[in-house]
Amino acid sequence: MSDSPSTGSGERPPSANEDQQRKDSVGATLGKRLRERDLSAAPATLNLLESSAPADREQTAELLRELSPAALGGEAPGHIVGVTGPPGAGKSTLLSALLHSWRASGKSVAMLAVDPSSKRSGGSLLGDRARIDFDPADRAVLIRSTAAGERLGGLAPATRVAAQALAAAFDVVVIETVGVGQAETEVADVADTVVVVVQPGSGDVLQFLKSGIMETPDVLVVTKADLGQIALATRRDLSAALRSLGTKATRVLAVSSLPPPQGIDELVSALEEQRTIADIAARRLRARRSGALLDFAAEHGERGLRAVGGRHTAEQLLEQQDPGLDVQALVRVLETAVAKA
Amino acid sequence: MSSDPSARLPERDRPWMMRTYAGHSTAKASNELYRGNLAKGQTGLSVAFDLPTQTGYDPDDELARGEVGKVGVPVVHRGDMAALMDGIPLDEMNTSMTINATAAWLLALYIVAAEDQGVEQRSLQGTTQNDIIKEFLARGTYAFPPAPSMRLIADMIAYTVEHVPKWNPINICSYHLQEAGATPVQEIAYAMSNAIAVLDAARERLGGRADELMADVFGRISFFVNAGVRFVEEHAKLRAMSILWEELGRERYGVSDERRLRFRYGVQVNSLGLTEAQPENNVQRIVLEALAVTLGRDARARAIQLPAWNEALGLPRPWDQQWSLRIQQVLAYETDILEYPDIFEGSKVMDGLVAELLEGAREEMAIVSEHGGAVEAVPYMKAALVDSHRARIQRIESGEQVVVGQNRFTETEVSPLTDDAEGGILVVDPAVEAEQIESVRRWRAERDQQAVDAALAELARVANSEQHHENLMVPTIAAARAGATTGEWAHTLREVFGSYRAPTGVGEASAAPADNELSQLREEVADLAEKLGRRPKILVGKPGLDGHSNGAEQIAVRARDAGMDVVYEGIRLTPAQIAASALQEGVHVIGLSILSGSHRELIPAVIAALHDAEVDVPVVVGGIIPEQDVAQLKQAGVAAVYTPKDFDISRIMHDIVGIVGAETNGHGPSSNGSA
């Protein structure tokens, strides 16, 4: 797959111009539909955001412009929740339970399940959606499996942008990734609230927390509470580790998704609480700026960064911009700086 | 026999039990079939249930659509079981039931049908397959999560050992593992590990009475094995299994009675190796495979059922099944195999093969044990099977493994065997499903509803009971007596136990070695990705209740290896689920697999659901699709149909890439559209 579409492949079929005209408004239309909270616009939006075809990139820019804070008159209203944890921790079961709880209170939910097995060189097997139990006739639920970025636990650029776009229409947008450490950091970049899922008896998270490999998440969930003692002990150890780090804000909860479920309601309200405490606008702004920098670097590489004057200068330049700009607009600011230099 | 030089037995051995795996349409039609088979010299019954019965759904459930009466007989309530066994004296018959997730329920119905005939449960003989681990691994007709499934099995063992003492409550199945691609070593090791999990659960269930009853329990555990065409090695496999089994009995469970230590097994020979191309060759294969389980007296099968020559084409007709029964009868009554002691005794070659298999199996069993036993090791074993199956397919694709008539010696005359209107198979009357829906509704309207409600409430209470002291068989039999249905019994337990999806094994499957074929495919996929603007994305899944996922898994793994993004949805999907996934995932093509014969109903239903969801992408179908149905499917909008004769998966992939490419050209440069 070409990663430098700015030059264009020049291999478009003869009908490209007609198609181009017909499609001109596709991005803007989708953006407007999402702004009006039309959930049925979501699948086509995701198809567009994932595409690297030059024409689609232009449409993406139009779409995002419609969803910029400036256009929305503020940040997108949806709650972006990052859920991460090691394989086998029970994320899918937990997400099924959360999904039911959110739907029961009438919230629309989009889930972006990031697959860890994919590599850029090859294909990927995206199997998670089958593990999440939901009613296929329910139009207020969307689950999309997406390929991962280049690093283990990394997010593809499309996933970052997708989360921001879907937050305009859905009440909750979940980004699910696999891993601890790096994955948690990547998700923290985009999400309003970060949940790390741990199964009882696994020491990794404890180690990562203590060594500083992992930033402290907003909520730590110990799954399989039905195992009893061992789950309680894990919860206790994590709480103690957080205290010794001087972190008070992180909630530690034990849940069991098996019938009868335990702790799911508490988790839902803890997430809601975290959202009210956090400065969402600041987080979103930071996410857009870091996303723009990543997109720019992916597109133009180290050479591009040097042309702007280095990574630090690029960051400073982004910080001077209007907070209402969308990611693509910010990328263009950097590109303009290159052109001037 | 040690000092007796006689090469002959003093008396010819009695033949094994001869069965035919049979059942279709309705209880009444199947009863007629059974009586016919018994009249032809069959000595036991082997009941094939339809998929809704096997997975615990009534005929009027949405998931049952297209599956009612297809691969077996629907048994919904005690009335159906009575009709199925009508005129067959249950105190004399030996009945094997291929039933797993709902085994407790079907045994209960059988016990009630016996009561109706005035036969006590004590005198019932037969087998419930009841092996849930292999359902998670290979066959897919599970209903509940692992822990409560194991509890049901343990409860059945505890119940039958006391109340139905001649019943084999479980058949540990290695059969389906081989069908899923297992090597002989894997087949032995996983089956034995599975047996350990079951016996450990039974020992725990028996609690204080374990010492008293464990030897009886061990003696009632039988196996259901497979035999492939490499019949010398297959025979060695069975000798190895009997050695391991005896060892297990003595060392782990303290059994010393020789009779109870004997490795008892029934067999259905290999279906995986049966071909659609030149299907008459399957007869030779079946005969040779039957030799694997009959030649050596020390590891001879107790019961045999042979597949029919046309299994890869569709459902066999009574005549096809008669042919397979006659193979058994010729072996037993015309040949001299039953006249000798074990003919491999002292054979260096056989002993060497057995030792080799034992060594491999012990290593593999140790790995399963390190995972925490068979239940915990399901994901590991599943991934290992997917890998082995892929290796097997690649050997056939490359020609390294010869399959006569398929990848070598393919020139053929027209076969008169398949030259009739139906293509040489049985087609179930589509009206059956509507009749069965009507029939179950009538049943529900006419029974004593209060009694049924009370019985199901009691079932739920016991299922919920703390510590699981109470045996689930008791309220299950009471519910059967009261007139509850299969779907109601399973629904009651699903409410308590939750539902479950087994691991697919495809995520863990290692990447294929890149040969020329695959490199070329990757190029094609990369070109297509540039045209599409993103990586081609394929949805692979199985509509309906058919759990035979091996083919779908291989397609999914190969598509990934070729560079596609693959959404693998696994088994038991409704058309609405498939359409929702296709829409939400933004896939470019959908691959569906059906082996149960329900494609005529389900494929058009999926296409209609896609249409409703405004998803306009090509659909390809694979499975056991009779030639005469292909045109109908294409007319319904299917882009391509693949059957067992399309054994070359790379070629299928190449085809799919072409189909997506053509679609893209037709719809402009980007496939994104605006849905």
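Residues numbered from 1 in each chain as written. Chains lettered and ligands numbered in written order. Predicted model: local features only at pLDDT ≥ 70, side-chain atom pairs only at ≥ 80, totals over all residues.

What chain A contains, in helices and strands, is 14 helices and eight strands. In chain A, which comprises 341 residues, the proportion classed as buried is 48%. Partitioning the intrachain contacts of chain A with sequence separation of at least 6 by distance along the chain shows that 75% fall at a separation of at least 24. (Helix = DSSP H or I, 4+ residues; strand = E, 2+ residues; numbered from the N terminus. Buried ≥ 20, exposed ≤ 12 C-beta atoms within 10 Å, placed from the backbone. Contact = placed C-beta atoms within 7 Å.)

Further remarks concern the pairing of strand 5 (residues 125-128) of chain B. Residues and elements named next belong to chain B. One ladder, built from four bridges, connects strand 4 (residues 94-98) with strand 5; its direction is parallel. By the bridge assignment, Thr95 is partnered in strand 5 with Gly126. Crossover strand 4 to strand 5 through helix 4 (residues 103-116) is right-handed. Two elements, strand 5 and strand 6 (residues 167-168), share two bridges in a ladder whose sense is parallel. Across the sheet, the residue bridging to Thr127 is Asn168, located in strand 6. (Pairing = 2+ DSSP bridges. Right-handed = clockwise from strand over helix to strand, strands pointing away.)

A few words now on the sheet that holds strand 6 of chain B. Here we have five strands laid out as an open sheet, ordered 2-3-4-5-6 (chain B), and parallel in their pairing. Two strands close off the open sheet at either side, each with one partner strand: strand 2 (21-22) and strand 6 of chain B.

Taken together, six strands build an open sheet; the order of strands is 3(A)-12(B)-11(B)-13(B)-14(B)-15(B) and the sheet is parallel. Of all strands in the sheet, those with a lone pairing partner are strand 3 (124-126) of chain A together with strand 15 (640-642) of chain B, marking the two edges. Put simply, the sheet's adjacent strands are angled 20° from each other on average, direction ignored. On top of the sheet, helix 21 (residues 550-561) of chain B reaches strand 3 of chain A together with strand 11 (537-543), strand 12 (565-573), strand 13 (589-594) and strand 14 (619-623) of chain B; it is set at about 175° to strand 11 of chain B, its chief contact. (Axes fitted to C-alpha atoms, helices over the stretch in contact; angles between N-to-C directions.)

Our focus in this paragraph is the domain arrangement of chain A. Residue and element names in this part refer to chain A. Per the domain assignment, the segments making up chain A are domain 1 (23-72), domain 2 (79-278) and domain 3 (279-341). Distance between the C-alpha centres of domain 1 and domain 2: 26 Å. Contacts between the two partners involve 15 residues from domain 1 and, on the opposite side, 14 residues from domain 2. Of all the secondary structure elements, the ones that give two or more residues to the side of domain 1 that touches domain 2 are helix 2 (26-35), helix 3 (42-50) and helix 4 (54-66). Examining the composition of the side of domain 1 that touches domain 2, we find that five residues originate from one element, helix 3, more than from any other. Along the lines of polarity and charge, the residues of the side of domain 1 that touches domain 2 split into nine nonpolar, two polar and four charged. (Domains from an automatic or database assignment. Nonpolar A, V, L, I, M, F, W, Y, C, P; charged D, E, K, R; others polar.)

Let us now look at unusual backbone geometry. Residues and elements named next belong to chain B. One non-glycine residue, Phe409, lies in positive phi territory at about 55°. According to the C-beta neighbour criterion, Phe409 is exposed, with 12 such atoms within 10 Å. Residue Glu614 is not a glycine yet carries a positive backbone phi of 55°. Along the chain, Glu614 falls in the loop between helix 23 (599-612) and strand 14.

Okay, the domain arrangement of chain B next. Residues and elements named next belong to chain B. Assigned domains of chain B: these are domain 1 (18-128 + 429-503), domain 2 (131-418) and domain 3 (516-666). Taking only C-alpha atoms into account, the centre of domain 2 sits 32 Å from that of domain 3. Considering each element in turn, the side of domain 2 that touches domain 3 owes the most residues, six residues, to helix 15 (residues 378-398). Tallied by class, the residues present in the side of domain 2 that touches domain 3 amount to eight nonpolar, seven polar and four charged.

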